[in-house]
Amino acid sequence: MIVYTSGTTGKPKGVVTTHANIAAQVTSLVTAWEWRADDWILLVLPLHHVHGIVNVLTCALWAGARCEMPAKFDAERVWVRIAAGDLTLFMAVPTIYGKLITAWEAAAPERRRPWSAGCALPRMRLMVSGSAALPVQRLERWREISGHVLLERYGMTEISMALSNPLHGTRRPGSVGTPLPGVETRLVDDVGRPVPPGKTGEIEVRGAAVFLEYWRQPEATAAAFRDGWFRTGDVAVIEDGAYRILGRSSVDIIKTGGYKVSALEVEEVLRTHPAIADCAVVGVEDPEWGERICAAVERRGEAELTLAALQAWAKERLAPYKIPRALRSVPTLPRNAMGKVTKPEVAKLFSP
Ligand code: MCA
Ligand code: AMP
């Protein structure tokens, strides 16, 4: 399988996973989350990413379970489907849980009751969140609405799932748990030395689930590994034996609605716009999307540039989730003494 994913380089890279990798990824999840032939899951995620195609579809096929696929995500329809009371599993990104919460809160009490009842244990046995950080407040609200403490797990296209809260036992809000079966993880410092307990470090992953290579990019593949460990670029700390994600080592990786987007890739495209001399793209924290893609531009000439016009132009050149959602025109982008754009200063241009 080849799934394209964004990184800190301009263009997305093709992540090549072998049959053996996929078998390792799936058996790990089937074991940890106890997939069975009588499971029934609703697939509301895109199939061009690991969350939808591996965690949901391939695990269901492997277990001989039922996987139902609506054409697209629609919060009300998902609730109505859950209310039927026959699903046993549900998996989604935090933005989707947020949208389900919003729809539930907007519904009349007589509609809410069957919707919540459709989540009831033991029939609905597990609800999982991942692909981006789950705000603790959202976990709490979901618990009030559904009775479920969402199981949060951590993964990446290159490695599939690495860390997970337990199926049985206490799930800790704000934590992504411990290594899944067959997965080895560790935290290292800048030069790759394991950090002492309680210290912050980059997550590295090893095991049969780790991908083969970036498609036709041997140098990028080599750079992604150190001493046989895959370098995730995610920074975490281990607290009471469980990992807590603190963020990314690169400011140029944006997570919006669960999708990973390279700021550099969006910038490269925007720089080809005739009215843009230079630009800087940042992810700005957002309660609904996790982060929103925002673009600051230095304009070329006198031409007017509106957000709507830029979005219409970008739509022809970028996937919908990579399109900027806010635009600021500035005479000059904030730069440091070396002339490098300072992204934290750019982000401030978008603060309310
Ligand atoms: C859409 N809109 C946005 C964004 N996307 N606004 C801000 N930021 C965004 N990212 C706006 C649209 O312009 C539109 O606005 C309105 O929201 C509805 O758009 P639509 O496309 O219909 O959105 P949706 O269908 O509601 O999509 C939201 C979604 C989707 C379902 C949450 O983003 C999604 O499927 N995300 C999941 C991605 C995923 O599977 N990631 C996993 C990667 P207007 O109404 O004004 O026109 S795999 C991975 O990360 C690893 C392995 C892991 O750990 O899982
Ligand atoms: P992708 O490249 O789309 O597979 O996205 C992988 C990235 O999503 C990881 O490197 C993390 O930065 C992020 N991610 C996945 N799960 C979580 C989580 N539970 N909490 C925080 N970040 C996550």
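Here, the structure is the one placed above.
Residues numbered from 1 in each chain as written. Chains lettered and ligands numbered in written order. Predicted model: local features only at pLDDT ≥ 70, side-chain atom pairs only at ≥ 80, totals over all residues. Heavy atoms only, no water.

*Asks:* Sorry, what's going on with the side chain of Thr 5 here?
*Replies:* One can find Thr 5 in strand E1 (residues 2-5). Sequence-distant contacts of Thr 5, defined by excluding residues within four places in its chain, comprise Pro 12, Lys 13, Val 15, Thr 157, Glu 158 and Lys 260. (Helix = DSSP H or I, 4+ residues; strand = E, 2+ residues; numbered from the N terminus. Contact = heavy atoms within 4.5 Å.)

*Asks:* Mind showing me how you'd approach the site of ligand 1 here?
*Replies:* Around ligand 1 there are 24 residues in total, and Ser 131, Arg 153, Lys 255, Thr 256 and Arg 325 lie nearest to it. The contact in question runs from an oxygen atom of ligand 1 to an N or O atom on the backbone of Gly 155, over 3.3 Å. Considered on its own, ligand 1 offers 1100 Å² of accessible surface; in the complex 71% of this is hidden by protein. Elements that contribute at least two residues to the shell around ligand 1 include exactly helix H2 (50-63), helix H4 (94-106), strand E7 (151-156) and strand E16 (253-256). (Near = heavy atom within 4 Å. Polar contact = N/O pair within 3.5 Å; in protein donor to acceptor, adjacent residues only side chain to side chain. Areas by Shrake-Rupley, 256 points an atom, 1.4 Å probe, with all protein chains shown as cover.)

*Asks:* How should I be thinking about the packing of H4 against helix H6 (residues 136-146) in this particular structure?
*Replies:* Where H4 meets H6, the closest approach of the two axes is 10 Å, and the angle between their N-to-C directions is 45°. Taken as axis vectors, H4 and H6 run oblique relative to one another. For the pair H4 and H6, the sense of crossing is left-handed. Note on element contacts: H6 touches H4 through Arg 138, Arg 141, Trp 142 and Ile 145, opposite Pro 94, Thr 95, Tyr 97, Gly 98, Leu 100, Ile 101, Trp 104 and Glu 105. (Axes fitted to C-alpha atoms, helices over the stretch in contact; angles between N-to-C directions. Parallel < 35°, antiparallel > 145°, perpendicular 65-115°, else oblique. Left-handed = near helix turned anticlockwise from the far one by under 90°.)

*Asks:* What's the story with the pairing of strand E5 (residues 89-92) in this structure? I'm lost.
*Replies:* Residues Leu 89 and Met 91 of E5 are buried on one face, and the alternating residues Phe 90 and Ala 92, pointing to the opposite face, are buried as well. Pairing of strand E3 (residues 40-42) with E5 involves 2 bridges; the strand directions are parallel. In the strand pairing of E5, Ile 41 is matched with Leu 89. With 4 bridges connecting them, E5 and strand E6 (residues 126-129) associate as parallel partners. Bridging from a neighbouring strand, Ala 92 pairs with Ser 129 of E6. (Buried < 20%, exposed > 50% of the residue type's maximum accessible area, 1.4 Å probe, protein only. Pairing = 2+ DSSP bridges.)

*Asks:* How do you make sense of unusual backbone geometry when you look at a structure like this?
*Replies:* Excluding glycine, residues mostly have negative phi values, and the peptide bonds linking residues are mostly trans. With an omega dihedral of 0°, the bond running from Leu 121 to Pro 122 counts as a cis peptide bond. Position of Pro 122 relative to the elements: it lies in the loop between helix H5 (109-117) and E6. Phi is positive for Ser 160, close to 60°, though the residue is something other than glycine. On the basis of relative accessibility, which here comes to 1%, the residue Ser 160 falls in the buried class.

*Asks:* What is the right way to read the site of ligand 2 from this model?
*Replies:* What surrounds ligand 2 is a group of 15 residues, the closest being Arg 153, Thr 157, Asp 234, Arg 248 and Lys 260. A distance of 2.8 Å separates an oxygen atom of ligand 2 from a polar atom in the side chain of Arg 248. Within the side chain of Lys 255, an N or O atom sits 2.9 Å from an oxygen atom of ligand 2. Of all the elements, E7 adds the most residues to the shell around ligand 2, at 5 residues. Its residues placed into classes, the shell around ligand 2 shows 5 nonpolar, 4 polar and 6 charged. (Nonpolar A, V, L, I, M, F, W, Y, C, P; charged D, E, K, R; others polar.)

*Asks:* Just checking my understanding: could you explain the sheet that holds strand E8 (residues 160-164) for this structure?
*Replies:* Pairing in this open sheet of 7 strands is mixed, and the strands run E4-E3-E5-E6-E7-E8-E9 from one edge to the other. In this open sheet, the two strands that pair with only one neighbour each are strand E4 (66-68) and strand E9 (178-179).

*Asks:* Help me understand the packing of helix H3 (residues 75-83) against H4, please; the structure alone is not making it clear to me.
*Replies:* Helix-helix packing is characterised by the crossing angle of the two axes and by the distance between the axes. The contact between H3 and H4 brings their axes to 9 Å, and the two run at 80°. What the angle tells us is that H3 and H4 run roughly perpendicular. Residues Ala 75, Val 78 and Trp 79 of H3 form the contact with H4, whose participating residues are Lys 99, Leu 100, Ala 103 and Trp 104. Taken together, the residues of the contact of H3 with H4 break down into 6 nonpolar, no polar and 1 charged.

*Asks:* Explain the nonpolar core to me, please; I cannot follow it from the model alone.
*Replies:* Nonpolar side chains in soluble globular proteins tend to be buried together. Counting 72 residues, the largest nonpolar core has Trp 33, Trp 35, Trp 79, Phe 90 and Leu 100 as its most contacted members. Of all the elements, H2 adds the most residues to this core, at 7 residues. If sequence neighbours within four positions are ignored, Trp 35 has contacts with Leu 29, Val 30, Ile 41, Asn 55, Val 56, Cys 59, Ala 60, Ala 63, Ala 65, Leu 89, Met 91 and Arg 125. (Core = buried A, V, L, I, M, F, W, Y, C linked by side-chain atoms within 4.5 Å.)

*Asks:* Looking at this model, I keep getting lost on the environment of Arg 111. Mind explaining?
*Replies:* Here Arg 111 lies in helix H5. Placed 28 residues apart in sequence, Arg 111 and Ala 83 show a C-alpha to C-alpha distance of 9.3 Å. Apart from residues lying up to four places away in sequence, Arg 111 is in contact with Glu 76 and Val 80.

*Asks:* Any chance you could explain helix H8 (residues 263-270) here in plain terms?
*Replies:* Quick reminder: α-helices carry 3.6 residues per turn. Residues three or four places apart thus point the same way. Among the 8 residues of H8, 6 are classified as buried, and the element is accordingly described as predominantly covered. Looking at H8, one finds that the buried residues are Ala 263, Glu 265, Val 266, Glu 267, Val 269 and Leu 270. Buried positions along H8 lie against E16, strand E17 (259-262), strand E18 (276-286), strand E19 (290-299), helix H9 (307-315) and helix H10 (343-348). With a side-chain oxygen lying 3.2 Å from the backbone nitrogen of Leu 264, the N-terminal cap of H8 falls on Ser 262.

*Asks:* Sorry, what's going on with the pattern of salt bridges here?
*Replies:* Opposite charge on two side chains permits them to pair, given that their charged atoms come into close proximity. By the definition in use, this model includes 24 salt bridges. For Glu 76, the salt bridge goes to Arg 111, with nearest N and O atoms at 3.1 Å. Here Arg 111 lies in helix H5 and Glu 76 lies in helix H3, a separation of 35 residues in the sequence. For Glu 298, the salt bridge identified is with Arg 335, shortest N-O distance 3.7 Å. One end of the pair, Glu 298, is in strand E19; the other, Arg 335, is in the loop between strand E20 (326-329) and H10, and 37 residues separate them in sequence. Note on Glu 298: relative accessible area 13%, which makes it buried. Given a relative accessible area of 37%, Arg 335 falls into the partly exposed group. (Salt bridge = Lys/Arg side-chain N within 4 Å of Asp/Glu carboxyl O.)

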